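Descriptive analysis of the structure
Letter by letter, the chains look like this.
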Amino acid sequence: MLLLGIDVGTSSIKVSVVDPATQKTISSVQYPETETEINSPQPGWAEQSPEMWWDHVSQAILKINALGSFDPKDIGAIGIAYQMHGLVVVDQHQQVLRDSIIWCDSRAVEIGNAAFEVIGEEKSLSHLLNSPGNFTASKLAWVKENQPEIYAKIDKVMLPGDFISMKLTGEITSSPSSLSEGIFWDFQNEQLSEDVLNYFGFDKKLFPPVRPVFSEHGYLKESIAELLSLRKGIPVSYKSGDQPNNALSLNVLQPGEVAATAGTSGVIYGVSDQLAYDPQSRVNTFAHVNHSSENKRLGVLLCINGTGILNRWAKNTFGHGLSYSDINHKAGAIAIGSAGLRILPFGNGAERMLNNKLIGAQFHHIDLNLHTADHIFRAVQEGIAFAFRYGLDIMRENGMFPTVIRAGKANLFQSALFTEAFVNSTNVPVELYDNDGSVGAALGAGIGVGVFSSEKEAFQNNKAIQLIEPGKSDCYEPVYQDWKEILQEQLIIK
Ligand SMILES: Nc1ncnc2c1ncn2[C@@H]1O[C@H](COP(=O)(O)OP(=O)(O)O)[C@@H](O)[C@H]1O
Ligand SMILES: O=C(CO)[C@@H](O)[C@H](O)COP(=O)(O)O
């Protein structure tokens, strides 16, 4: 039996097929080849079409089948990882009612702030572990307030991965982990939050049945099996947000273990056994994939919205056809500190770690006689690394002190310069692994269907391929302090 993993990222869909006997990846593909755009009908808004995700997922599965490296009929289970916090709404015929309001959309910040006040800060933090903030519940409340004709037709509310699972199986389910990332989950009572539902006036019937993350969420429909040349009736046996899934992929499951990614967004994700929270919700706490009432496993998540998306913008705007590796090479030739050029990467919606402020990406101290596109490429990657350091200091304030951070050698971690800037500005070593989210999702499917006896067994052969240790922190520290001063000035102005 083989396992199929699907990663619904913001910029593309990745699909891998893994052999559970060896845990080796047989093939991986990405679709589309060019990065998908985020639609922004108004400043600060961010939407994508769920049907487009589904089309891209189908194309990616057909593409991997066409490689001829396995028999698609040998696939026995499917796992799904997905961009978190997005709102998908469907009617009773499972038709999408509007484009998804995705994770980096900022329109619901004020709705979440008001809910935090009325529900009460103490109650919100102790039960939800977060302010309702700018997450899925607040986005749904925006639809209720602003598009009542759409809201009236909603039969089910779900996260992006639940939607892909629905398209595959016709069934809609959720989990404590997905409900927690939407701020619908009460950790004290271990059920849908009555406080959130009552405050916003959401009917319980809008929410799908709750299943464990590792469980059978539905079985492949005949029509879809035919379309994708797969076997009818195989289960979707794992669904998780992409960040908890990235942690799973890196065997980050126990308290004190920490993972990171630097895709469209950048995340540091640490596991805790405490129902802990940041009083200002600058970092967030959600249920990890292995969370249960007896064995609490929480993911403490720092998210920077403007990470790889800034690197991509710089490549598209100043790169004139250069590839990411060309850009890394050019940026690597510029000295640490980018000759004084400083870039704040916060141009992709309200930043949680900045108390949901929207300050925009910013360039500071451009010297027209000195700075070139290469300085911009370097200052972009340094600015992103500094944003990680700023956020990690908030995690440290909350008692999380990573001694090592694990990351897949993917996205910005493919850049030696970015990785050096990350390690030296945070002063934490990074272990790089040769995997990605879709491989993790495939192995997650194996856990869900019972081919592995434990999560540990699924990732037993997952060994680090590189360890990068700090050695230049003294050079990065003054540059970081300069960058931080600029950020703090901007936070006062905005
Ligand atoms: N070789 C590379 N060097 C540096 N950055 C890269 C490279 N390849 C991709 N990236 C960055 O990673 C981002 C995409 O990461 P990915 O994890 O695929 O995104 P997502 O999961 O959000 O769809 C790109 O926008 C780009 O900035
Ligand atoms: O909002 C978060 C995490 O809380 C983001 O990390 C999204 O989950 C999007 O992920 P990518 O598409 O950047 O992987």
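It should be emphasised that the depicted structure is a prediction, and the values quoted were computed from it without experimental measurement.

**Re the site of ligand 1**
Near ligand 1 you find 17 residues, and of these Ser 11, Lys 14, Glu 35, Thr 264 and Gly 308 are the closest. At a separation of 2.8 Å, an oxygen atom of ligand 1 approaches a polar backbone atom of Gly 308. Here an oxygen atom of ligand 1 sits 3.2 Å away from a polar atom, N or O, in the side chain of Asn 411. Contact with the protein chains removes 86% of the 580 Å² of surface that ligand 1 exposes when unbound. Elements represented by at least two residues in the shell around ligand 1 include exactly α11 (308-318) and α12 (324-332). With three residues, α11 is the single largest residue contributor to the shell around ligand 1. For the shell around ligand 1, the two domains that each supply at least three residues are domain 1 (2-250) and domain 2 (304-432 + 466-493).

**Describing the domain arrangement of the protein**
Parsing the protein into structural domains produces domain 1 (2-250) and domain 2 (304-432 + 466-493). Centre-to-centre, using C-alpha coordinates, domain 1 lies 29 Å away from domain 2. Facing 15 residues of domain 1, the contacting portion of domain 2 comprises 13 residues. Between domain 1 and domain 2, roughly 1,100 Å² of surface is buried when both sides are summed, and carbon and sulfur atoms account for 48% of that area. Area buried by domain 1 at its contact with domain 2 is led by Glu 35, Trp 103 and Leu 250, which between them contribute 43% of it. In this assembly, domain 1 and domain 2 are joined by two salt bridges.

**A closer look at the UniProt feature "domain: Carbohydrate kinase FGGY N-terminal" (unreviewed entry) in the protein**
Summarizing the sequence annotation, UniProt attributes the feature "domain: Carbohydrate kinase FGGY N-terminal" (unreviewed entry) to residues 3-245 in the numbering used throughout. Helix makes up 35% of residues 3-245 and strand 20%. Its end C-alpha atoms lie 15 Å apart.

**Description of the sheet that holds strand β11 (residues 236-241)**
Strand order in the open sheet formed by five strands is β3-β2-β1-β5-β11, with mixed pairing between adjacent strands. Because the sheet does not close on itself, it has two edges, and the strands there are β3 (24-31) and β11. Neighbour-to-neighbour, the strand axes of the sheet open up by a mean angle of 15 degrees, direction not taken into account. Pairing between strand β5 (residues 75-82) and β11: five bridges, direction parallel. Bridge pairing links Ile 80 to Lys 239 in β11. Sitting on the sheet, helix α15 (residues 437-449) is in contact with β1 (2-8), β2 (13-19), β3, β5 and β11, with an inclination near 130 degrees to β1.

**Focus on the site of ligand 2**
Around ligand 2, 13 residues are found, and the nearest of them are Thr 10, His 85, Asp 242, Ser 265 and Arg 352. Met 84 has a polar backbone atom sitting 2.9 Å from an oxygen atom of ligand 2. One nitrogen or oxygen atom from the side chain of Arg 352 is found 2.8 Å from an oxygen atom belonging to ligand 2. For ligand 2, whose free accessible area comes to 380 Å², the fraction covered by protein is 94%. Broken down by secondary-structure element, the contributors of at least two residues to the shell around ligand 2 are α10 (242-249) and β15 (298-304). Residues of the shell around ligand 2, tallied by class, amount to five nonpolar, six polar and two charged.

**Digging into unusual backbone geometry**
The peptide bond linking Tyr 31 to Pro 32 adopts the cis configuration, its omega dihedral lying at -5 degrees. You can see Pro 32 is positioned in the loop between β3 and β4 (47-48). Positive phi values are uncommon outside glycine, yet Ser 281 reaches one of about 55 degrees. Here Ser 281 is to be found in the loop between β13 (266-272) and β14 (284-287). Given the relative accessible area of 10%, Ser 281 is considered buried. Of note, Asn 411 is a non-glycine position whose phi angle comes to about 40 degrees, a positive value.

**Looking at the pattern of salt bridges**
Applying the stated rule across the entire model yields 21 salt bridges. A salt bridge links Arg 107 to Asp 105; the nearest nitrogen and oxygen atoms lie 2.7 Å apart. Each member of the pair, Arg 107 together with Asp 105, is buried. Its salt-bridge partner being Asp 195, residue Lys 123 comes within 3.2 Å of it at the nearest N-O pair.

About the criteria used
Residues numbered from 1 in each chain as written. Chains lettered and ligands numbered in written order. Predicted model: local features only at pLDDT ≥ 70, side-chain atom pairs only at ≥ 80, totals over all residues. Heavy atoms only, no water. Near = heavy atom within 4 Å. Polar contact = N/O pair within 3.5 Å; in protein donor to acceptor, adjacent residues only side chain to side chain. Areas by Shrake-Rupley, 256 points an atom, 1.4 Å probe, with all protein chains shown as cover. Helix = DSSP H or I, 4+ residues; strand = E, 2+ residues; numbered from the N terminus. Domains from an automatic or database assignment. Contact = heavy atoms within 4.5 Å. Buried area = accessible area lost by both parts, 1.4 Å probe. Salt bridge = Lys/Arg side-chain N within 4 Å of Asp/Glu carboxyl O. UniProt positions renumbered as here; feature names shortened; annotations may be inferred. Pairing = 2+ DSSP bridges. Axes fitted to C-alpha atoms, helices over the stretch in contact; angles between N-to-C directions. Nonpolar A, V, L, I, M, F, W, Y, C, P; charged D, E, K, R; others polar. Buried < 20%, exposed > 50% of the residue type's maximum accessible area, 1.4 Å probe, protein only.

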